[in-house]
Amino acid sequence: DTLVSCLPFQLVNVSGYEMTTSLATALCEGLCEANSTLTHFTLDVLHSIPPYVAEIMGKGLAVSQTLTTVVFTLTAESGEAWASALEKGLSAETPLASVVLRIYGSISETAIQALVKVLLNKSLLSFTLLVMGEMQDLLASAVSAGLAAVTVLEAFTLVVYGKMTSQGAMSLQNGFLENHSLRSLVVRVFGQLPNNWTSVVQNVFLSKKSSIHCYFHPNPISQVTDAQINH
């Protein structure tokens, strides 16, 4: 009731240790409000979320017709129910323009597939994925498949604060090369680089430099000037 009574508002940021049923219900009511002006929603809850709470949140996100930007945190404790709610709430017909997902630890295959469904959102223009640890090969493969399938997404940013394997890098390369909608591609790796990093970066630059803005960190082909890359 407190949340709904505060309308109109544009931004809600929920950060804490856990999501309670009462808070989830209040958020859902705010998201479902017919005359809501809410456009930005951030949910940063590190503890596992019970299935029934996840369903409440998924329903609210799916019904909202005003949200344009959503920031979510997923952890290794994120179960199948939460992944299902994520898929239901952030994919398909929801009018999102920008999604930021922050991942801690190794998430389940179900959660990864839900993430791909978000990529297929018909209105999504910008997607940012922050991996706070090792990049799972399965995650890289799923992201690749999503990028290869989308036709709307214009900007993709990937930041990895851990190890990336050669297999994962190759999967991502394939997705980058098969995608034909991106206008901006940013990839930063701050952990252990794969052995094929140089060839992956070079292949993407050679294929995409004339059509989109590409940025890789670290950039092993620094002898190619930024002017040449972005010309």
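Everything numeric here is computed off the predicted structure, so don't read it as measured data.

## Things to note about the overall build of the protein chain
Helix and strand content of the protein chain: 9 helices and 8 strands. The contacts of the protein chain with a sequence gap of at least 6 include a subset with a gap of at least 24, amounting to 83%. Counting only carbon and sulfur atoms, one obtains 53% of the accessible surface of the protein chain, whose full area is about 10400 Å².

## Quick word on the confidence of the model for the protein chain
Per-chain confidence: the protein chain averages 82 in pLDDT, with 83% of residues scoring 70 or above. Here helix α1 (residues 2–5) is the element of the protein chain with the lowest mean pLDDT, 43, and strand β6 (residues 155–160) is the one with the highest, 98. This model gives residues 1–7 a pLDDT under 50, and the stretch forms 12 contacts once residues within four places in sequence are excluded. Of the regions scoring below 50 in pLDDT, residues 223–231 engages in 12 contacts with residues more than four places distant in sequence or in other chains.

## Side note on the environment of K88
On the secondary structure map, K88 appears in helix α4 (residues 80–90). K88 sits in the partly exposed class, given a relative accessible area of 46%. Along the chain, K88 and L61 lie 27 residues apart, while their C-alpha atoms are 8.0 Å from each other.

## Concerning the pairing of strand β3 (residues 69–75)
In terms of burial, β3 is a largely internal element, 7 of the 7 residues being buried. A two-sided burial pattern is seen for β3, the buried positions comprising T69, V71, T73 and T75 on one face and V70, F72 and L74 on the other. Direction of pairing for β3 relative to strand β4 (residues 98–104): parallel, over a ladder of 7 bridges. Residue T75 lies in a different strand from β4, and its bridge partner there is Y104.

## As for the side chain of T69
Mapping T69 onto the fold places it in strand β3. The residues contacting T69, other than those within four sequence positions of it, are T39, H40, F41, L96 and S98.

## Quick notes on the nonpolar core
Judged by nonpolar contacts, the single largest core of 67 residues is most densely connected at M19, F41, F127, L129, F156, L158 and L185. Here this core gets 7 residues from one element, more than from any other, and that element is helix α5 (residues 109–119). Non-local contacts of F41, meaning those with residues more than four positions away in its chain, are made with V12, V14, L27, M57, L61, L67, T69, V70, V71 and F72.

## Digging into unusual backbone geometry
Along the chain, H217 connects to P218 via a cis peptide bond; the corresponding omega equals -5 degrees. Counting through the fold element by element, P218 comes out in the loop between β8 (213–217) and α9 (226–230).

## Remarks on the environment of N174
With respect to the helices, strands and loops of the structure, N174 is situated in helix α7 (residues 166–178). According to the relative accessible area criterion, N174 is partly exposed, its value standing at 31%. Distance from N174 to S141, taken between C-alpha atoms, is 9.1 Å for residues 33 residues apart in sequence.

## Observations concerning the packing of aromatic side chains
Counted by the stated rule, this structure contains 7 aromatic pairs. Summarising the aromatic geometry, the rings of F156 and F176 are spaced 6.2 Å apart at their centres and angled 55 degrees between planes, so their arrangement reads as tilted. Here F156, found in strand β6, pairs with F176, found in helix α7; they are 20 residues apart in sequence, far enough to count as distant. Across the pair, F176 and F156 agree in class, each one buried. Measuring from centroid to centroid gives 5.9 Å for W197 and F216, while their planes differ by 70 degrees, and the two rings are edge-to-face. Here the residue W197 occupies a position in helix α8 (residues 197–208), and F216 occupies one in strand β8, the gap between them amounting to 19 residues.

Conventions used here
Residues numbered from 1 in each chain as written. Predicted model: local features only at pLDDT ≥ 70, side-chain atom pairs only at ≥ 80, totals over all residues. Heavy atoms only, no water. Helix = DSSP H or I, 4+ residues; strand = E, 2+ residues; numbered from the N terminus. Contact = heavy atoms within 4.5 Å. Areas by Shrake-Rupley, 256 points an atom, 1.4 Å probe, with all protein chains shown as cover. pLDDT = per-residue confidence, 0-100. Buried < 20%, exposed > 50% of the residue type's maximum accessible area, 1.4 Å probe, protein only. Pairing = 2+ DSSP bridges. Core = buried A, V, L, I, M, F, W, Y, C linked by side-chain atoms within 4.5 Å. Phe/Tyr/Trp six-rings, centres within 6.5 Å; stacked < 30°, edge-to-face > 60°.

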